[in-house]
Amino acid sequence: MRNNETILQSAFILHTRAYRDTSLLLELFTVEQGRISLVARGARGSRSRYKGLLQPFVPLLISWYGKSELMTLTVAEADGVMFNLAGERLLCGFYLNELLMRLLHRHDAHPQLFMAYQQALRGLQNATSMAAILRAFEKHLLRELGYALQLDREAHSGPLIQADQFYYFDPDLGMLPCESSAKSTAGQPVFCGKSLLALHADELIDKDFLRDAKRLLRLALNQLLDGKPLKSRELFL
Amino acid sequence: MSFSPLINQLIAALRCLPGVGPKTAQRMAFHLLERERSGGLSLAKILEEAIANVKHCHRCRTLSETELCLLCANTNRDQTLLCVVETPADVFAIEQTGSYRGLYFVLMGRLSPLDGIGPEELGLHHLVARLIEQSPKEVVLATNPTVEGEATAHYIAELVKQRGLRATRIAHGVPLGGELEFIDGNTLARSLAARAEV
């Protein structure tokens, strides 16, 4: 064992890139260190010992050493089989990875989010509604990043959200009431209270609820993404 | 130790090749200058010629010095089959097997949203134009078995099906002549999931 070596930590690969002739640069989401980058030496060669292992959506146990810049992978073992994501489910997986790549800072631990990510991948394998899984993950991600949506009360800890009322979303403040179901005075999209309460309770059972949750979470995420769109959204035909 | 400027430049230039570091580049340079001068000259000549003339085939986008590559120009190939691959090297690999008689389309990459490569960046409108022009009966998706390759295959399959054409994907499985014990778990799991009747 070397100095500074971290031993067998649960991790998922978010993205890989070719590095030099036969190596791979890995972007990982680990349970205790959050997002880190590692070099996997010789991982692309024909005699690589990591064959088939260093891919997204494979639960891994990894060891690495090095200081915070460019650390090196020493061991990678499968911690179960790869999540079987096909077709559109795979695109959803890419979407989750892109969100994490764009929004997590390196070396910020998010153990709860790691569990949520694992759960989302498991759900994507066979759930009938992929949308509900994505929304639950987005909501969890916002909370972890310190931008939790307050969905049971109006902004400034105001009155409780009413199911039959309409609201608009101010990214800096929260939900604010508005008069009708048409666009609010400032032109923002409007949400009905019923949908907000459903998202609050994680009970997105209705198509309308799902559509509203998607609109709202997208607004909240776009704020954090600095308006630069997510590329994986383009792949949904 | 430093050599005369021209030798240094040659060593530096050779390092643009894959797998060639400073030491190898130095060995190559001395080999050419000491023992292989005529070979070096013909290499320089053919390299210049190839780089000036080799472009992309207008139909399949593989590398070719003619407007239509030899495969596209061959009228004996099966016009009802179109195989979609990532790189010209993949065309070569499939041709070597001798078991495919159709035509090709080379993507020159793959969809990789996390690298910022979406359908537009990959130039998939070329493929759509090709589907309209050739209108094959079957499109064989032979992108790599990586997650990006799978996503690319899925996306193209949707494009193909929208046009009422048939899309097929090359199979995943255990390599021939291998031993199950040494095959990685993910490949083995895939081959079990896609097992076929005997």
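Residues numbered from 1 in each chain as written. Chains lettered and ligands numbered in written order. Predicted model: local features only at pLDDT ≥ 70, side-chain atom pairs only at ≥ 80, totals over all residues. Heavy atoms only, no water.

This part takes up the overall build of chain A. When helices and strands are counted, chain A shows five helices and eight strands. The secondary structure elements of chain A, listed N-terminal to C-terminal, are β-β-β-β-β-α-α-α-β-β-β-α-α. Counting the 237 residues in chain A, one finds 52% classified as buried. Taking as baseline every contact in chain A between residues at least 6 positions apart, the subset at least 24 positions apart corresponds to 57%. Entry remark: accessible area of chain A is about 11,800 Å², with carbon and sulfur atoms responsible for 48%. (Helix = DSSP H or I, 4+ residues; strand = E, 2+ residues; numbered from the N terminus. Buried < 20%, exposed > 50% of the residue type's maximum accessible area, 1.4 Å probe, protein only. Contact = heavy atoms within 4.5 Å. Areas by Shrake-Rupley, 256 points an atom, 1.4 Å probe, with all protein chains shown as cover.)

In this complex, chain A contributes 27 residues to the contact, which on the side of chain B involves 29 residues. Summing both partners gives a buried area of about 2,100 Å² for chain A against chain B, and 67% of it is carried by carbon and sulfur. Put simply, chain A and chain B have one salt bridge between them. Close ionic contact of Lys231(A) with Glu121(B) constitutes a salt bridge, the shortest N to O distance being 2.8 Å. Our enumeration of links across chain A and chain B arrives at four residue pairs in polar contact (both at pLDDT 80 or more). (Buried area = accessible area lost by both parts, 1.4 Å probe. Salt bridge = Lys/Arg side-chain N within 4 Å of Asp/Glu carboxyl O. Polar contact = N/O pair within 3.5 Å; in protein donor to acceptor, adjacent residues only side chain to side chain.)

This part is about the pairing of strand 3 (residues 78-85) of chain B. Residue and element names in this part refer to chain B. Of the pairings in the sheet, the one linking strand 3 to strand 4 (residues 102-106) comprises five bridges and is parallel in character. When the sheet's bridge partners are listed, Val-85 is paired in strand 4 with Val-106. Summarising the sheet, strand 3 and strand 5 (residues 138-141) pair through four bridges and their orientation is parallel. Along strand 5, the bridge assignment pairs Cys-83 with Val-140. (Pairing = 2+ DSSP bridges.)

Residues and elements named next belong to chain A. With respect to topology, five strands assemble into a closed barrel ordered 1-2-3-5-4, the strand pairing being mixed. Neighbour to neighbour, the strand axes of the sheet diverge by 50° on average, direction disregarded. When strand 2 (residues 23-30) meets strand 3 (residues 34-40), the two strands line up antiparallel, connected through seven bridges. Within strand 3, the position partnered with Leu-26 by the bridge is Leu-38. Helix 1 (residues 88-103) contacts strand 1 (6-19), strand 2 and strand 3 of the sheet and is inclined by roughly 100° relative to strand 1. (Axes fitted to C-alpha atoms, helices over the stretch in contact; angles between N-to-C directions.)

Low pLDDT means the predicted atomic positions in that stretch should not be read closely. Residues of chain A with pLDDT of at least 70 account for 95%, and the chain-wide mean is 88. Mean pLDDT values for the elements of chain A range from 83 in strand 7 (residues 174-178) of chain A up to 95 in helix 2 (residues 111-126) of chain A. (pLDDT = per-residue confidence, 0-100.)

Attention now moves to the state of the cysteines. For the structure on display, the rule yields zero disulfides over all chains. The cysteine Cys192(A) is free of any disulfide, with Cys178(A) supplying the nearest cysteine sulfur at 11 Å. The closest cysteine sulfur to the non-disulfide-bonded Cys83(B) is located on Cys60(B), 11 Å from its own sulfur. Cys83(B) sits in the buried class, given a relative accessible area of 2%. (Disulfide = S-S within 2.5 Å.)

What follows covers the packing of helix 1 (residues 5-14) of chain B against helix 2 (residues 22-34) of chain B. When two helices pack together, their arrangement is given by the angle between their axes and by how far apart the axes lie. Residue and element names in this part refer to chain B. Running from N to C, helix 1 and helix 2 point in directions that differ by 125°, and their axes come no closer than 8 Å. Between helix 1 and helix 2, the angle falls in the class oblique. Relative to helix 2, helix 1 is oriented so that their crossing is right-handed. Of helix 2, the residues touching helix 1 (which contributes Ile-7, Leu-10, Ile-11 and Leu-14) are Pro-22, Ala-25, Gln-26, Met-28, Ala-29, Phe-30 and Leu-33. Class assignment of the residues belonging to the contact of helix 1 with helix 2 gives a composition of ten nonpolar, one polar and no charged. (Parallel < 35°, antiparallel > 145°, perpendicular 65-115°, else oblique. Left-handed = near helix turned anticlockwise from the far one by under 90°. Nonpolar A, V, L, I, M, F, W, Y, C, P; charged D, E, K, R; others polar.)

The next point concerns the side chain of Thr72(A). Residues and elements named next belong to chain A. Positionally, Thr-72 belongs in strand 5 (residues 71-78). What makes Thr-72 buried here is its relative accessible area of 9%. Discounting chain neighbours no more than four positions away, the residues touching Thr-72 are Leu-38, Val-39, Arg-41, Ser-63, Trp-64 and Tyr-65.

Let us look at the sheet that holds strand 6 (residues 166-170) of chain A. Residues and elements named next belong to chain A. Across the sheet, three strands lie side by side as 7-6-8; this open sheet has antiparallel pairing. With partners counted over all chains shown, the strands left at the sheet margins are strand 7 and strand 8 (190-192), one partner each. For this sheet the average axis-to-axis angle between neighbouring strands, irrespective of direction, equals 45°. Inspection of the sheet shows strand 6 paired to strand 8 by three bridges, in the antiparallel sense. The residue of strand 8 that forms the bridge with Tyr-168 is Val-190.

In terms of nonpolar packing, the biggest core is built from 96 residues, with Leu54(A) and Tyr117(A) touching the most fellow members. When we break this core down by domain, the ones giving at least three residues each are domain 1 (5-78) and domain 2 (85-237) of chain A. Setting aside residues up to four positions removed in sequence, Leu54(A) forms contacts with Ile13(A), Thr16(A), Leu24(A), Leu26(A), Ala40(A), Ala43(A), Leu60(A), Leu73(A) and Ala76(A). If you look at the next biggest cluster of nonpolar residues, it comprises nine residues, including Leu81(B), Tyr100(B), Tyr104(B) and Val106(B). (Core = buried A, V, L, I, M, F, W, Y, C linked by side-chain atoms within 4.5 Å. Domains from an automatic or database assignment.)

Within the structure shown, the criterion is met by nine aromatic pairs over all chains. Taken together through their ring pairs, the aromatic side chains of Phe12(A), Phe29(A), Phe83(A), Phe114(A), Tyr117(A) and Phe137(A) make up a single cluster. (Phe/Tyr/Trp six-rings, centres within 6.5 Å; stacked < 30°, edge-to-face > 60°.)

Residues and elements named next belong to chain A. If you check the domain split of chain A, you get domain 1 (5-78) and domain 2 (85-237). Centre-to-centre, using C-alpha coordinates, domain 1 lies 30 Å away from domain 2. Counting residues at the interface gives 20 residues for domain 1, matched by 21 residues for domain 2. Taken over both partners, the interface formed by domain 1 and domain 2 buries close to 1,700 Å², and the fraction arising from carbon and sulfur atoms is 71%. Contact with domain 2 buries surface across domain 1, with Phe-29, Arg-35 and Phe-57 losing the most and accounting together for 45% of the total. If you look at where domain 1 meets domain 2, you find one salt bridge. Arg-106 is the partner of Glu-27 in a salt bridge, and the nearest nitrogen-oxygen pair spans 3.4 Å. At the junction of domain 1 and domain 2, the tally comes to five residue pairs in polar contact (both at pLDDT 80 or more).

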